[in-house]
Amino acid sequence: TIEAKEKKFLAEKEAMEKICSLLEPQFGKEFNDLWKEFEEKESYESKFVNALDKLEVFLQHNEAPLSTWLELEKDMIFQEKWLRPHCRFDPFILEFAEKILCKAKQKIADAGEDIEQIAQRAAS
């Protein structure tokens with residue numbers, strides 16, 4: 001929700017302010033500027049780091065036993081909003097994301113779960 005995102009942003013902002021206050025002023029400013037750049041996701045580098053952050057979550061799931069996955073995490077494989085939008089800025093990154101999603105679907109199928117049923121649930 002928007003409220004949850006705002007709370008998360010404010011908590012991260014507060015943490016960044018605390019971290020930056022512990023650094024020498026010029027390093028604190030530079031670190032804070034980099035964080036702001038990451039949050040704005042306008043530069044190629046910030047988009048790349050954001051994509052890596054999202055990709056890492058999906059890679060961790062692929063490496064973890066399926067028994068540890070929540071239903072929501074299975075649904076995320078089929079929901080557009082979780083990974084692809086963060087990777088579309090670069091064809092290679094998007095292709096990498098597709099391979100990760102394909103591996104996740106295969107992991108679910110190999111465990112004997114109904115891929116179509118999960119995809120339908122995720123769509124609703």
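Scroll up a little and you will see the structure.
Residues numbered from 1 in each chain as written. Predicted model: local features only at pLDDT ≥ 70, side-chain atom pairs only at ≥ 80, totals over all residues. Heavy atoms only, no water.

Another point: the nonpolar core. Most often, soluble globular proteins have nonpolar side chains that are buried together. Counting residues in each nonpolar core, the largest one holds 17 residues, and the members touching the most others are Leu-55, Phe-58, Trp-69, Ile-77, Leu-83, Cys-87 and Ile-108. Of all the elements in the fold, those that place two or more residues in this core are α3 (44–63), α6 (91–110) and α7 (115–123). In contact with Cys-87, other than residues within four places in its own chain, are Ala-51, Leu-55, Ile-93, Leu-94 and Ala-97. (Core = buried A, V, L, I, M, F, W, Y, C linked by side-chain atoms within 4.5 Å. Buried < 20%, exposed > 50% of the residue type's maximum accessible area, 1.4 Å probe, protein only. Helix = DSSP H or I, 4+ residues; strand = E, 2+ residues; numbered from the N terminus. Contact = heavy atoms within 4.5 Å.)

This structure, assessed with the given rule, holds 13 salt bridges. With its nearest N and O atoms 2.8 Å apart, the salt bridge here joins Glu-12 to Lys-8. With Glu-12 and Lys-8 both in helix α1 (residues 2–22), this residue pair falls four residues apart, about one helical turn. Of the residues examined, Lys-8 reaches a relative accessible area of 51% and is grouped as exposed. Measuring nitrogen to oxygen at the nearest pair gives 2.9 Å for the salt bridge that ties Glu-113 to Lys-74. (Salt bridge = Lys/Arg side-chain N within 4 Å of Asp/Glu carboxyl O.)

Remark: α3 packs on α6, axes separated minimally by 10 Å, with the N-to-C direction vectors making an angle of 15 degrees. In terms of axis orientation, α3 runs roughly parallel to α6. Relative to α6, α3 is oriented so that their crossing is left-handed. Of the residues in α6, those touching α3 at Phe-48, Ala-51, Leu-55, Phe-58, Leu-59, His-61, Asn-62 and Glu-63 are Ile-93, Phe-96, Ala-97, Ile-100, Leu-101, Lys-103, Ala-104 and Lys-107. Residues belonging to the contact of α3 with α6 are distributed by class as follows: 11 nonpolar, two polar and three charged. (Axes fitted to C-alpha atoms, helices over the stretch in contact; angles between N-to-C directions. Parallel < 35°, antiparallel > 145°, perpendicular 65-115°, else oblique. Left-handed = near helix turned anticlockwise from the far one by under 90°. Nonpolar A, V, L, I, M, F, W, Y, C, P; charged D, E, K, R; others polar.)

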